Amino acid sequence: MSNILFIGSGHMSEAIIRALIKNKVYKPQNILVNDIVKSRLDYLQLTYGVTPSEKIVNADIIVLGVRPQDAWSDIVQQFKTNKIIIISIIAGVTIAQIKASLTVDIPVIRTIPNTLTETGFGYSGVATDVNDQAVAKQRSVTQFFNSFGKLEYIDESLLDIFTGYAVAGPNYIYYFYESLVDAGVLVGLSRDMAKRIAIENLHGAACMLQSSQKHPRQLLDINNSPAGVGIHSLYELNNSDFAAGLQRSVRAGVIRTVELGKKQ
């Protein structure tokens, strides 16, 4: 089996490592981790059985998981073979910036991983330059991404938008769920019952949208009889700023992603 090296062992790297092992894409002994914090390496070795690596060694895939303010440029200059694939999860650092720091020609894939790695749901945005598009579709790369969700090939210019909409997306769902549970408590249900009902409705409604292939408006029409309970509830929701507030939230997330990228 091939080896994979993680440079940087933050929460996202750990989540991906956990998914790779859980879905048997890599055995623990084939996962190498490099980090300047020894206690972090000790923790990952004890928890997942991965191999700590004090030096940056060659592997079939190298995942750059350091912070944008870290010395990532010095790190990539140490790569001396083109027999590897770089997958970068460094926020705000472009493919062109990484390639400009390389001393050899190495394929670079830039990604914004989804945050639902425990579930197998969620999309990760995957971008390359024109020369590396075939590499991004190699089996080893697609297996890597599919181990913790789905992958969406996008132009690099869309990564900031993808971050604000798709990667931050679960935040909007969590907030909606919390508000819906509070609404149940407000009208008299126990919090435990409100939670169970809300999560079941969220899951069921998502399955209905996916399986029926109907437009949400069609499903709303099915659920709402003339002058009934549902349509009266929707009337109040329409009178609120719900839709526009959600859209402003997504736009704010995209704007902030762009701002953070410009600071690098």
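Note: the structure precedes this text.
Each value, and the rule that gives it
- Residues numbered from 1 in each chain as written.
- Predicted model: local features only at pLDDT ≥ 70, side-chain atom pairs only at ≥ 80, totals over all residues.
- Heavy atoms only, no water.
- Helix = DSSP H or I, 4+ residues; strand = E, 2+ residues; numbered from the N terminus.
- Buried < 20%, exposed > 50% of the residue type's maximum accessible area, 1.4 Å probe, protein only.
- Areas by Shrake-Rupley, 256 points an atom, 1.4 Å probe, with all protein chains shown as cover.
- Lys, Arg positive; Asp, Glu negative; His and termini not counted.
- Charge placed at Lys NZ, Arg CZ, Asp CG, Glu CD.
- Contact = heavy atoms within 4.5 Å.
- Core = buried A, V, L, I, M, F, W, Y, C linked by side-chain atoms within 4.5 Å.

**A closer look at the overall build of the protein chain**
The helix and strand tally for the protein chain stands at 12 helices and eight strands. Counting over 264 residues, the protein chain shows a buried share of 38%. As presented, the protein chain carries roughly 15,600 Å² of accessible surface, and 57% of it is formed by carbon and sulfur atoms. Put simply, the protein chain has 25 plus and 23 minus side-chain charges, and the middle of one group is 3 Å from the middle of the other.

**Remarks on the environment of G149**
For G149, the location among the structural elements is in the loop between α6 (139-146) and β8 (150-153). Contacts of G149, omitting those with residues within four sequence positions, involve N114, G120, F121 and G122.

**Overview of the nonpolar core**
The biggest cluster of nonpolar side chains holds 28 residues, and the ones touching the most others in it are I4, F6, L20, I31, F144 and F145. Where this core is concerned, the elements lending two or more residues are β1 (4-7), α1 (11-22), β2 (31-34), α2 (38-48), β4 (61-64), β5 (85-88), α5 (133-136) and α6. Looking at which element gives the most residues to this core, the answer is α1, with four residues. Non-local contacts of I31, meaning those with residues more than four positions away in its chain, are made with I4, F6, I17, L20, I21, Y26, V50 and T51. Core analysis: the next-biggest nonpolar cluster, separate from the first, contains 20 residues, L32, I62, I75 and L102 among them.

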